[in-house]
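Report on the structure
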Amino acid sequence: MTALFADVLGQQRAVALLEASLRCRRLAPAYLLSGPEGVGRRLAALRFLEGVIAGPEGSSLLRRRLEAGNHPDLLWVEPTYLDKGQLVPASQALDRGISRRSPPQLRLEQIRELTRFLARRPVEAAGCLVVLEGAEAMAEAAANALLKTLEEPGRGMVLLICSAPEQLLSTIRSRCQQIRFGRLGADSMARVLAAAPPPPCPDPPELLELAAGSPGALLAHRLQWQGLPQGLVDRLQHLPGGSDPIEALSLARDLTDALDGEQQLWLLQWWQLVLWRRRPDAAVAHRLERLRRQLLAYVQPRLAWEVALLDLAGLAA
């Protein structure tokens, strides 16, 4: 492994393929970096783009510019929320108080912007470069538009970062060189986490299990855990142990008042694991899975939680 990719840990096969492309200067017009969230795909994309522009040895100045999003020939596109007629990137939604009840999307207008960017004359690089993060979140119209762009990429290059490549059109996958990333082993996980700020309090054991070999996922789970209102987890822990129906209704109210849709789905995922580790019960697991589907299907969240918590109290009675 060259110094260019030295901080991409636990992904020897993926890095070897990217290094070979740079070394031989046989660059494909499109790459698909696929694999679980939080295992180094985004970092590898940045390092690869550094090598494309500056050569296999890279450049520290260029690295800082790419990481800051300050390069005229790079367009970084991510899924967005639609708020008051404006597209808000997913990474900015929390700070801007955007409702995250529905998942973000890559939209047709974003793909059109991407196409225009690739057609322009580059300023510093040999060609314009685009990273499409969360490619699995493309709407159908956006996917069809991207396919047309990939058929005639010109001198530019497109990198798709995707956690569910099976959700992409097969014709899109066939036009990309796929680079697969895997989950990290224990040693690589430990090295990545050692460089991250320590949590303010010890992680509950479920977080590491939920992360399943993804350091990025563990850091995201920590943020979700730390953002939960005090006392809410303790109240949830006592269910479904034959709880008072009034308490179940009160908990549903407080939970939906305090948490947005994304937080509710995360808390449900954590709770499913806690209950299964406590006592495997297929009926409880199926009821919680139904609640998850209802939350994703835009059923009124408070009503969905009320009915689910009452049902769970009845199962435990």
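In this text the structure is predicted, and so the values were computed from the model without any measurement.

The rules we used
By convention here, each chain's residues receive numbers from 1 onward along its written sequence. Where totals are concerned, whole chains, interfaces and linings use all residues; where local detail is concerned, this predicted model gives features only for residues with pLDDT of at least 70, and gives and counts side-chain atom pairs only at 80 or more. In computing side-chain properties, one takes all heavy atoms of the structure into account and sets aside hydrogens as well as water. In this description a helix means any DSSP run of H or I spanning at least four residues, a strand means any run of E spanning at least two, and both kinds are numbered starting from the N terminus. Each residue is placed in one exposure class: buried if its accessible area under a 1.4 Å probe, protein chains only, is under 20% of its type's maximum, exposed if it is over 50%, and partly exposed if it falls in between. Contacts between residues were defined by any pair of non-hydrogen atoms, one from each residue, lying within 4.5 Å. The protein chains shown are the only cover counted for residues, whose accessible areas, like all others here, come from Shrake-Rupley with a 1.4 Å probe. When charges are counted, Lys and Arg contribute as positive and Asp and Glu as negative, whereas His and the chain ends are disregarded. Charge positions are represented by NZ for Lys, CZ for Arg, CG for Asp and CD for Glu. Only the contacting stretch of a helix is used when fitting its axis, a line to C-alpha atoms as for every element, and angles between N-to-C directions run 0 to 180 degrees. Oblique is the label for every angle not falling under 35 degrees (roughly parallel), over 145 degrees (roughly antiparallel), or within 65 to 115 degrees (roughly perpendicular). The classification used treats Ala, Val, Leu, Ile, Met, Phe, Trp, Tyr, Cys and Pro as nonpolar, Asp, Glu, Lys and Arg as charged, and all other residues, Gly among them, as polar. Pairing of aromatic side chains here covers Phe, Tyr and the six-membered ring of Trp, requires ring centres within 6.5 Å, and sorts the geometry by plane angle: under 30 degrees stacked, over 60 edge-to-face, intermediate tilted. Working rule: Lys NZ or Arg CZ, within 6 Å of ring centre, within 35 degrees of ring normal, means a charge sits over the ring. Strands qualify as paired when DSSP identifies two bridges or more between them. Only residues whose relative accessible area exceeds 30% and that form no salt bridge are eligible for patches; like-charged ones are grouped when within 9 Å, while nonpolar side chains (Val, Leu, Ile, Met, Phe, Trp, Tyr) are grouped when within 5 Å. Every case where a carboxyl oxygen of Asp or Glu lies within 4 Å of a side-chain nitrogen of Lys or Arg is listed as a salt bridge. A helix is expected to span 1.5 Å for every residue after the first.

Turning our attention to the overall build of the protein chain. Helices and strands together make up the secondary structure of the protein chain, namely 14 helices and seven strands. Projected onto its principal axes, the C-alpha coordinates of the protein chain cover approximately 65 × 45 × 35 Å. Relative to its full complement of 317 residues, the protein chain shows a buried share of 46%. Across the protein chain, every contact between residues at least 6 apart in sequence was considered, and the portion connecting residues at least 24 apart equals 70%. Counting every atom, the protein chain has about 16,200 Å² of accessible surface; 52% of that belongs to carbon and sulfur. With 37 positive and 34 negative side-chain charges, the protein chain shows a spacing of 5 Å between the two charge centroids.

Now for the packing of helix α9 (residues 215-226) against helix α12 (residues 261-278). α12 packs onto α9 with a crossing angle of 105° between their chain directions and a minimal axis gap of 11 Å. Relative to α12, α9 is oriented roughly perpendicular. Residues His221, Gln224 and Trp225 of α9 form the contact with α12, whose own contacting residues are Glu262, Gln263, Trp266, Gln269 and Trp270. By residue class, the composition of the contact of α9 with α12 is three nonpolar, four polar and one charged.

This brings us to the packing of aromatic side chains. Within this structure, the stated rule accounts for two aromatic pairs. Directly above the aromatic system of Trp76 lies the positively charged group of Arg42, at a separation of 4.5 Å from the ring centroid.

Attention shifts here to the pairing of strand β1 (residues 30-34). Where burial is concerned, most of β1 is hidden: five out of the five residues are buried. Sheet analysis places β1 next to strand β6 (residues 157-162), joined by five bridges and oriented parallel. Counted as the bridge partner of Tyr31 is Leu159 from β6. Note that β1 and strand β7 (residues 177-180) share four bridges and pair parallel. Residue pairing across strands places Ser34 opposite Arg180, the latter belonging to β7.

Glancing now at a nonpolar patch on the surface. Side chains of Ile246, Leu249 and Leu310 sit close together on the surface and give an oily, nonpolar patch of about 250 Å² of accessible area. Take Leu310: it is sitting in helix α14 (residues 301-316). Leu310 gets classed as partly exposed once you look at its relative accessible area, which sits at 34%.

Tallying each qualifying case throughout the model produces 17 salt bridges. For Arg253, the salt bridge goes to Asp254, with nearest N and O atoms at 3.0 Å. Accessibility expressed as a relative area gives 34% for Arg253, which makes it partly exposed. Measuring nitrogen to oxygen at the nearest pair gives 3.2 Å for the salt bridge that ties Glu306 to Arg302. With a gap of four residues between them, Glu306 and Arg302 both fall in helix α14, about one helical turn apart. Relative accessible area serves as the criterion here: at 18%, Glu306 is assigned to the buried category. Here the salt bridges share partners, and the residues they tie into one network are Arg235, Glu247, Arg253 and Asp254.

A few words on α9. For α9, with twelve residues, the first-to-last C-alpha span of 17 Å sits near the 16 Å given by 1.5 Å per residue. For α9, the set of buried residues is Pro215, Ala217, Leu218, His221, Arg222 and Gln224. The elements touched by buried residues of α9 are α7 (186-194), α8 (205-211) and α12.

With parallel pairing, five strands are arranged side by side in an open sheet as β2-β5-β6-β1-β7. Both edges of this open sheet fall to β2 (74-77) and β7, since each of them pairs with a single strand only. Averaged over all pairs of adjacent strands, the angle between strand axes in this sheet comes to 15°, irrespective of strand direction. Two strands pair when backbone bridges link them, and strand β5 (residues 129-133) and β6 are joined in this way by five bridges, in the parallel orientation. Bridging from a neighbouring strand, Leu132 pairs with Leu160 of β6.

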